[in-house]
Number of protein chains: 2
Amino acid sequence: MEAHLASSAGAASPSAGASSSAASPPLTYAATGVRQDLVALALGKLLAAARTNVPPGSGQPVKLPGHFAGLIRLGRETVAITTDNVGTKLLLARTLDRWEEVGEDVVAVNVNDLAAVGARPSALVDYIAVQTPVPSVFEAIGKGMARGLRESRCHLVGGETSVVPDLVKSLDLSGTALGFFPHGRSPVTGSQLRPGDVLIGLPSSGFHANGYTLIRRLLEENAVDVTRALPGDRLPLGQRLLAPTRIYTRPVESLMDARLAVALAHISGRGLRNLIRLNGKVRFLLDQLPPPEGMFRWVATLSGLPSEELYQTFNMGIGFIVAVRPKQVDRALGLLRKSGEKGARVIGRIEKGRGVYLPGEGVRYETY
Amino acid sequence: MEAHLASSAGAASPSAGASSSAASPPLTYAATGVRQDLVALALGKLLAAARTNVPPGSGQPVKLPGHFAGLIRLGRETVAITTDNVGTKLLLARTLDRWEEVGEDVVAVNVNDLAAVGARPSALVDYIAVQTPVPSVFEAIGKGMARGLRESRCHLVGGETSVVPDLVKSLDLSGTALGFFPHGRSPVTGSQLRPGDVLIGLPSSGFHANGYTLIRRLLEENAVDVTRALPGDRLPLGQRLLAPTRIYTRPVESLMDARLAVALAHISGRGLRNLIRLNGKVRFLLDQLPPPEGMFRWVATLSGLPSEELYQTFNMGIGFIVAVRPKQVDRALGLLRKSGEKGARVIGRIEKGRGVYLPGEGVRYETY
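Residues numbered from 1 in each chain as written. Chains lettered and ligands numbered in written order. Predicted model: local features only at pLDDT ≥ 70, side-chain atom pairs only at ≥ 80, totals over all residues.

**Considerations on the packing of helix α7 (residues 249–257) of chain A against helix α10 (residues 329–338) of chain A**
All names here are of chain A. Counted only if it meets this: Axis definition: a line fitted to C-alpha atoms, limited for helices to the stretch in contact. Angles are taken between N-to-C directions and run from 0 to 180 degrees. In DSSP terms, a helix is any run of H or I states spanning at least four residues, a strand is any run of E spanning at least two, and both are numbered starting from the N terminus. Our angle categories are set so that under 35 degrees counts as roughly parallel, over 145 as roughly antiparallel, 65 to 115 as roughly perpendicular, and the remainder as oblique. Definitions for this section: a left-handed crossing has its near helix turned counterclockwise from the far helix by less than a right angle. A right-handed crossing has that turn clockwise. By the convention adopted here, residues make contact when the C-beta atoms placed from their backbones lie within 7 Å. Each residue gets one of three labels, nonpolar for Ala, Val, Leu, Ile, Met, Phe, Trp, Tyr, Cys and Pro, charged for Asp, Glu, Lys and Arg, and polar for the others, Gly among them.
Two elements in contact, α7 and α10, have axes separated by 9 Å at closest approach and are oriented at 140°. Judged on the interaxial angle alone, α10 and α7 are oblique. Note that α7 runs across α10; the crossing there is right-handed. Seen from α7, the contacting residues are P251, S254 and L255; seen from α10, they are A332, L335, L336 and K338. Broken down by class, the residue content of the contact of α7 with α10 amounts to five nonpolar, one polar and one charged.

What follows is the structure in structure tokens.
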């Protein structure tokens with residue numbers, strides 16, 4: 001239940017009459033009309049009302065407050081389950097009529113959340129709610145899903161396609177993934193973190209599937225031509241923006257098999273604030289973050305947003321963070337690079353205290 | 001993958017210019033604009049494109065062609081997974097501003113699909129895509145979910161709430177449920193069916209969560225006042241129409257524990273055609289179906305639809321069907337009644353042949 005996390009991918013003011021106003025003051029998520037407090041309130045009401053006592057015999061939920069996946073003990077196995085959607089990146093896919101990337105995303109956003117508790121992905125089901133099923137669109141989504149499934153070694157075991165033109169505006173895509181803990185592996189929660197542990201960052205492939213409502217507003221308000229490349233880039237911006245979410249299951253598996261992971265964090269919605277979900281009794285010091293490059297510099301410049309807002313809205317170049325004991329850093333970096341993560345690098349460490357601290361940006365987050 | 005079944009809950013012609021034309025000829029699902037063939041084509045493309053080889057080590061999918069749930073062997077356990085949505089019944093909930101029933105529905109539609117393979121429900125995650133989160137609506141959905149979770153003995157272990165006003169028109173609600181097979185119980189597929197086996201029907205509570213696009217069109221075209229009761233009824237029609245999907249996990253568990261279930265079918269979208277999914281090499285003779293009563297008679301009269309269309313669109317009073325060996329009928333009926341299914345009754349039997357045959361209605365279905 002605690003894993004039920006609100007994600008506000010949405011925006012554009014919920015009130016029908018809202019206009020897309022001028023770009024100053026800077027366009028934050030709050031300003032786009034997504035009322036994070038309202039989401040939290042509504043979700044709190046749902047969770048309080050949904051609380052019920054289930055008699056024994058139906059499996060035993062494993063408490064994992066505020067975590068990326070739900071866990072349940074079923075007979076002799078512990079199973080992890082995640083559910084997540086692609087969100088408003090789908091509207092960019094529609095604009096560009098490119099659907100493979102979001103097909104890969106629906107796998108990625110879910111298996112990365114499994115990786116964040118140390119579970120090995122096993123099965124995925126997808127959910128498509130659509131106004132009109134277009135075979136070529138479905139085929140492209142399927143192709144992207146295949147890539148994601150192959151990379152994460154996950155089986156597609158079911159799904160639901162629902163033609164509901166009265167419910168959705170074009171196409172909504174979400175999924176649910178199932179993972180497990182092979183060979184007595186235990187879930188990784190971050191509760192074992194202690195000062196001195198080292199934080200290693202894995203590069204992202206772009207904005208992944210978060211922050212697109214803001215990005216779409218920026219594109220619109222600045223009349224950006226997404227068919228052109230940014231200076232120094234060869235690919236059109238639209239393609240860069242659609243780049244599928246990087247899948248971190250392979251590097252995480254290599255660390256899990258070597259029992260090196262002390263904490264794991266998927267940097268998705270809420271950006272670096274996600275670290276706080278791992279452990280509220282230590283401080284995450286990120287003093288070696290790489291400077292934002294490419295699209296991240298572009299979004300910073302175009303939006304004029306302060307760092308505090310940028311790092312809690314976008315992944316800013318780091319899509320996944322792993323914590324290891326200080327003596328294991330070299331071994332961990334070696335395994336990560338061997339598993340394909342050439343860009344893995346130390347970005348900080350655990351200190352006494354609480355929250356997340358980015359000294360280079362002068363940013364502190366105290367709560368998730 | 002084979003469990004990926006298309007459901008066309010949608011309707012209202014997908015082309016924007018379609019008008020809601022007069023009620024003759026009779027309003028079938030095809031006529032409302034849901035192109036079942038197009039859905040099947042699109043989904044086929046997705047599944048073909050999504051096919052990929054997953055190396056061993058990530059669990060072993062259990063083949064269950066055309067079935068209600070996906071199955072995967074994870075370590076020492078077999079896990080069943082289903083994903084389904086409430087569909088356009090949500091629009092009726094919005095019209096009447098009553099949300100508890102659909103909250104119960106999202107649990108019911110999923111756990112009933114688990115029951116249909118003989119799995120015991122264990123965990124659920126929900127997915128809400130919403131234009132604006134309204135706390136009172138979320139609270140009501142949560143209350144309904146609690147009822148469904150309690151009845152099916154299922155734990156809520158996670159979920160996703162996404163505020164995406166650019167993607168959805170008001171609120172879309174779906175879920176994914178996980179079940180398992182305790183004490184070496186095996187999945188029930190219907191492959192062991194043979195002539196002579198007896199079909200027992202369990203009453204539905206109404207239309208459950210299927211056929212609402214058609215129902216909404218009928219209400220609109222006939223200017224039906226849903227705040228009034230049908231003749232002889234005391235509850236307003238709107239409340240009858242919103243009645244939550246009946247949950248069949250308790251009676252099915254009692255049969256599974258006694259090892260009596262030879263086949264199990266959740267009568268959801270596609271109505272009695274669902275039986276064909278169980279076994280294509282026998283005939284399902286339904287010669288003792290109860291005559292449609294109450295809302296089912298009402299929808300038959302108002303729509304003027306032929307029986308063939310009615311029984312493949314609505315459950316027509318029977319929401320779940322179990323098959324048992326002829327010698328076990330009395331024992332099965334006893335267990336079902338003890339588990340609360342007072343209305344359980346024999347509705348037919350298995351014969352040589354194929355398809356579904358309703359002699360009283362002169363209806364034959366040969367394919368799903």
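Back to the text.
**Focus: the sheet that holds strand β11 (residues 318–324) of chain A**
Residues and elements named next belong to chain A. Our working rule: Paired strands, as defined in this entry, are two strands with at least two bridges between them according to DSSP.
Reading across from one edge, β9-β11-β8-β12-β10-β13-β14 is the order of the seven strands in this open sheet, with mixed pairing throughout. Where the open sheet ends on each side, the last strands, each with one partner, are β9 (263–266) and β14 (363–365). Taking each pair of neighbouring strands and ignoring which way they run, the sheet shows an average axis angle of 20°. Sheet topology places strand β8 (residues 198–203) next to strand β12 (residues 345–351); four bridges connect them, and they run antiparallel. For L199, the partnering residue across the bridge sits in β12 and is G348.

**Concerning the environment of A48(A)**
All names here are of chain A. Quick note on the threshold: To sort residues by exposure, count the other C-beta atoms lying within 10 Å of each residue's C-beta; 20 or more gives buried, 12 or fewer gives exposed, and values between give partly exposed, all with C-beta atoms placed from the backbone.
Structurally, the position occupied by A48 is in helix α1 (residues 36–50). By the C-beta count within 10 Å, which is 14 here, A48 ends up partly exposed. A48 sits 47 residues away from T95 along the chain, and the two C-alpha atoms are 39 Å apart.

**What about the interface of chain B and chain A?**
On the side of chain A, 91 residues touch chain B, which itself brings 91 residues to the contact. Sorting elements by how many residues they give to the side of chain B that touches chain A places helix α1 (residues 36–50) of chain B first, with 11 residues. Partitioned by chemical class, the residues of the side of chain B that touches chain A number 51 nonpolar, 26 polar and 14 charged.

**Structural notes on the sheet that holds strand β10 (residues 283–285) of chain B**
Residues and elements named next belong to chain B. Pairing in this open sheet of seven strands is mixed, and the strands run β9-β11-β8-β12-β10-β13-β14 from one edge to the other. Pairing within the sheet leaves two strands with one partner each, and these edge strands are β9 (263–266) and β14 (363–365). Averaged over all pairs of adjacent strands, the angle between their axes in this sheet comes to 20°, without regard to strand direction. As paired elements, strand β13 (residues 355–358) and β14 share three bridges and run antiparallel to each other. The residue bridging L358 from the neighbouring strand is V363, located in β14. Seen against the sheet, helix α10 (residues 329–338) touches β8 (198–203), β11 (318–324) and β12 (345–351) and runs at an angle of roughly 15° to β8.

**Comments concerning the confidence of the model for chain A**
Spelled out, the test is: pLDDT measures how confident the predictor is about each residue, on a scale from 0 to 100.
Averaged over every residue, the pLDDT of chain A is 90; the share at 70 or more is 90%. In the predicted complex, the global pTM is 0.92; the interface-specific ipTM is 0.91.

**Quick notes on the pairing of strand β5 (residues 120–130) of chain A**
All names here are of chain A. Counted only if it meets this: Orienting the strands away from the viewer, one traces the path from the first strand over the helix to the second; a clockwise path indicates a right-handed crossover.
Of all the 11 residues making up β5, 11 are buried; the element is thus mostly covered by neighbouring parts of the structure. Across eight bridges, the pairing between β5 and strand β6 (residues 155–163) is parallel. The partner of V130 across the bridge, within β6, is V163. After leaving β5, the chain enters helix α4 (residues 135–152) and then returns to the sheet as β6, a path that is right-handed.

**A few points about helix α2 (residues 89–96) of chain A**
Residue and element names in this part refer to chain A. Selection criterion: This arc is built from the directions going out from the helix axis to the C-beta atoms.
Within α2 the residues assigned to the buried category are K89, L90, L92 and A93. Along α2, the residues classed as buried sweep out an arc of 160° about the axis, all on the same side. Immediately downstream of α2, the backbone of D97 shows phi near 50°, a positive value.

**With respect to the relation of the copies chain B and chain A**
The operation linking the two copies of the chain is a rotation about an axis combined with a translation along the axis. Quick reminder of the rule: Here the copies were fitted onto each other by least squares, based on C-alpha atoms from residues at pLDDT of at least 70 in both.
If you rotate chain B by 180° and push it 0.0 Å along the axis, it lands on chain A with an RMSD of 0.0 Å. Look at the turn and shift together and you get a two-fold axis relating the two. Considering only C-alpha atoms, the residue of chain B closest to the rotation axis is V168(B), which sits at 2.1 Å. Of the interface residues in chain B, 100% have counterparts in chain A that sit at the interface too, so the contact is made through matching surfaces.

**Regarding the domain arrangement of chain A**
You'll often see interface size given as the accessible area lost when the parts meet. Residues and elements named next belong to chain A. Which entries qualify depends on this criterion: Start and end points for every domain follow an automatic or database-based domain assignment.
As far as domains go, chain A holds domain 1 (66–184) and domain 2 (198–365). One C-alpha centre belongs to domain 1, the other to domain 2; they are set 21 Å apart. Each partner contributes to the interface: domain 1 provides 29 residues, whereas domain 2 provides 24 residues. Of all the secondary structure elements, the ones that give two or more residues to the side of domain 1 that touches domain 2 are α2, α3 (100–115), β5 and α4. Among the elements that line the side of domain 1 that touches domain 2, the one with the most residues is α3, at nine residues.

**Section: the environment of T245(A)**
Residue and element names in this part refer to chain A. Position of T245 among the secondary structure elements: in the loop between α6 (237–242) and α7. Judged by the 30 C-beta atoms lying within 10 Å of it, T245 is buried. With 41 residues separating them in the primary sequence, T245 and S204 have C-alpha atoms 7.4 Å apart. Excluding its chain neighbours within four sequence positions, the residues that come into contact with T245 are D105, A108, V109, S205, H208 and A209.

**Observations concerning the packing of α4(A) against α1(B)**
The N-to-C vectors of α4(A) and α1(B) enclose an angle of 25°; their axes lie 7 Å apart at closest approach. For the element pair α4(A) / α1(B), the angle class is roughly parallel. In this structure, α4(A) crosses over α1(B), and the sense of that crossing is right-handed. Mapping the contact onto sequence places P135(A), F138(A), E139(A), I141(A), G142(A), K143(A), M145(A), A146(A) and L149(A) in α4(A) and L41(B), A42(B), L43(B), K45(B), L46(B), L47(B), A48(B), A49(B) and A50(B) in α1(B).

**Here we look at the environment of L218(B)**
Residue and element names in this part refer to chain B. Secondary-structure assignment places L218 in helix α5 (residues 212–221). Residue class for L218 comes out partly exposed when judged on the 19 C-beta atoms lying within 10 Å of it. Note: C-alpha distance between L218 and I318 (100 residues apart in sequence) is 22 Å.

**Let's talk about the pairing of strand β3 (residues 70–74) of chain B**
Regular strands place side chains that alternate from one sheet face to the opposite one. Residue and element names in this part refer to chain B. For β3, the buried fraction is high: four of the five residues fall into the buried class. Relative to β3, strand β2 (residues 60–62) runs antiparallel, the two being bridged by three bridges. Looking at the pairing, V62 lines up with L71 of β3. Across five bridges, β3 lies against strand β4 (residues 77–85) in antiparallel orientation. Within the sheet, the bridge partner assigned to L74 lies in β4 and is E77. In this structure, the hairpin formed by β3 and β4 is closed by a connection of two residues, where G75 is found at a positive phi of approximately 60°.

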